[in-house]
Structures are given as structure tokens and as C-alpha cells.
Amino acid sequence: STAAIRELAAAAEEFERVGLPDRHAALRDLGEALADAGSARAARTALARADRGEHPGAERRAHRVFSRTARVRLALGEGDLRRARAVAGRALDVARRTPGHAARIAAHLAVGEAALRGGELVEARQAAEAALAFAREEGDPLAAAAAERILAELAARAGRTGEASERAHRAARAYTGRVDAGDGPARLLLALGRGLSRAEPARASAYLARAKGCYQRLKGLGFRPPEGA
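Residues numbered from 1 in each chain as written. Predicted model: local features only at pLDDT ≥ 70, side-chain atom pairs only at ≥ 80, totals over all residues. Heavy atoms only, no water.

Draft legend 1. Expanded view of the overall build of the protein. Across its full length, the protein holds eleven helices and zero strands. With 229 residues in all, the protein has 45% of them scored as buried. Restricting the contact set of the protein to residue pairs at least 6 apart, pairs at least 24 apart contribute 56%. (Helix = DSSP H or I, 4+ residues; strand = E, 2+ residues; numbered from the N terminus. Buried < 20%, exposed > 50% of the residue type's maximum accessible area, 1.4 Å probe, protein only. Contact = heavy atoms within 4.5 Å.)

Below is the structure:
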């Protein structure tokens, strides 16, 4: 929300002013929130400030992954598929050298989303399946739902409507009751609408209309639909 972004901005500025160690994480949180809200210039500024001055090591590598995945969302929001795919690839390169699953989940999801939007469906499936496996090991239901969303759209595009429905239902269950789901449910409806556009146009239109309604309700919270939605 706008209020949440103001709070993050105030916290980041205060952390920077007094030199607290968490200042880079606060700036990164602000950058990601601004990216989700579609404020591209402000998001890039916050992310660039977050990247400066961090201590070297695994934590810095993880932070770089998260910054790059936020930049992937910005590029996709602007319709710049070439940049989105390049940045996602760099995020994955760093994530592979980073301990733990969180960075790998984020990078694989970014690669999967960028590949899907670019029509590289095999790559999108491989990345989403990797993200799903890591998310299950990590016990991260929202990340698993994001991977299932990509896989549901791929299945719907390929005419495997049964698989698409099963994956969509698993994702929807993960979002149920979660106050931190963000625009995940709306993105799921968009994925089904895009995936079914050829095989079942009437059903696809209904999903897209529901997604549009979701984004209208989320507008006040700072969420905007992806480019072309």
C-alpha cells in the first residue's frame, strides 16, 4: 500500500542516517515494494542504493539475487523482455553460488516468468519445476504457489486442462487466508486466462475479467497488473 511504502521509505532513510547494518535490507524491501507498485524510477534508485556498500560474502550474493529479481519484475512491467531475461539469467548465476534455497527459488521464478512471457516454454517449465522443488524443500507455500501458477499456464497453453486445474487449485489453496499473498491470486487468474485463450476463449475471458476486478480492488494497496494484462 501507499502507506506501507511510506513506512518502508522512512525506515530506510533512518537506517541509512544512523548507519545501521539493516539499512541495505530496508532499501531492498523499499525497492521491491516500489517495483510491485509500478514506480520504476524510484524502485531502481532504492535498489541501486541497496547494492552499494554491502559486506562481501554469501549474504551479499543473496541480496544481489533479490535485487535482480525485482529488476526482472520492473523490466517485465515495461514490456522489455530482452532485459528481463538477461537480468534473470544473471540472478540465477549468482543464486547457484549462494547457500540455501531462498535465492534459488527467487531466481528460478524470475527465469520462469521471463521465459514464459518470451515464449520459451521449455525453459519456463524447467525453471518453474526447479523453483517448485526448492520451495517444497524450504516449506515456502507462497513460492510454491508462484511456481504452480507458471506451470498451470503452461499446461493450459498445451491443452492439458486437467493438469492446469489441479495446479491452479493447489496455488489457490496456498493463497487462502494469507494476508501476505499480495497480487498472487490475481496473477493466477491472469495465468489461467492467458493459458486458455485459444482452447476455451469464453472461460479465458471470465478468468481475465475476474483478474481485472481483483486488480481494481488491489489498486489502493499499490498493486498494478502486469504489462499487457
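Here the narrative resumes, following the displayed structure.
Draft legend 2. Broad picture of the environment of Gly-193. Secondary-structure assignment places Gly-193 in helix H10 (residues 184–195). Gly-193 gets classed as buried once you look at its relative accessible area, which sits at 0%. With 18 residues separating them along the chain, Gly-193 and Ala-211 place their C-alpha atoms 8.5 Å apart. Setting aside anything within four residues of it in sequence, one finds Gly-193 in contact with Ala-204, Tyr-207 and Leu-208.

Draft legend 3. Up close: the environment of Phe-66. Structurally, the position occupied by Phe-66 is in helix H4 (residues 58–77). For Phe-66 and Ala-95, which are 29 residues apart along the polypeptide, the C-alpha to C-alpha distance reads 9.3 Å.

Draft legend 4. The confidence of the model for the protein, seen in detail. In this model, the protein carries a mean pLDDT of 84, and residues with pLDDT of at least 70 account for 79%. Across the protein, element-level confidence peaks in helix H7 (residues 121–138) with a mean pLDDT of 97 and bottoms out in helix H1 (residues 2–18) with 52. (pLDDT = per-residue confidence, 0-100.)

Draft legend 5. Region of interest: the pattern of salt bridges. Under the defined criterion, the tally for this structure stands at 17 salt bridges. When the shortest N-O distance is used, the salt bridge between Arg-117 and Glu-153 registers 2.7 Å. In this pair, Arg-117 is assigned in helix H6 (residues 102–117) and Glu-153 in helix H8 (residues 141–157), connecting sequence segments 36 residues apart. Across the pair Arg-136 and Glu-148 runs a salt bridge whose closest N-O atoms are separated by 3.5 Å. Taken together, the positions of Arg-136 in helix H7 and Glu-148 in helix H8 put the pair twelve residues apart, joining distant regions of the chain. On the basis of relative accessibility, which here comes to 54%, the residue Arg-136 falls in the exposed class. Each of Arg-125, Glu-129, Arg-136, Glu-148, Arg-160, Glu-163, Arg-167 and Arg-170 takes part in a single network of salt bridges with overlapping partners. (Salt bridge = Lys/Arg side-chain N within 4 Å of Asp/Glu carboxyl O.)

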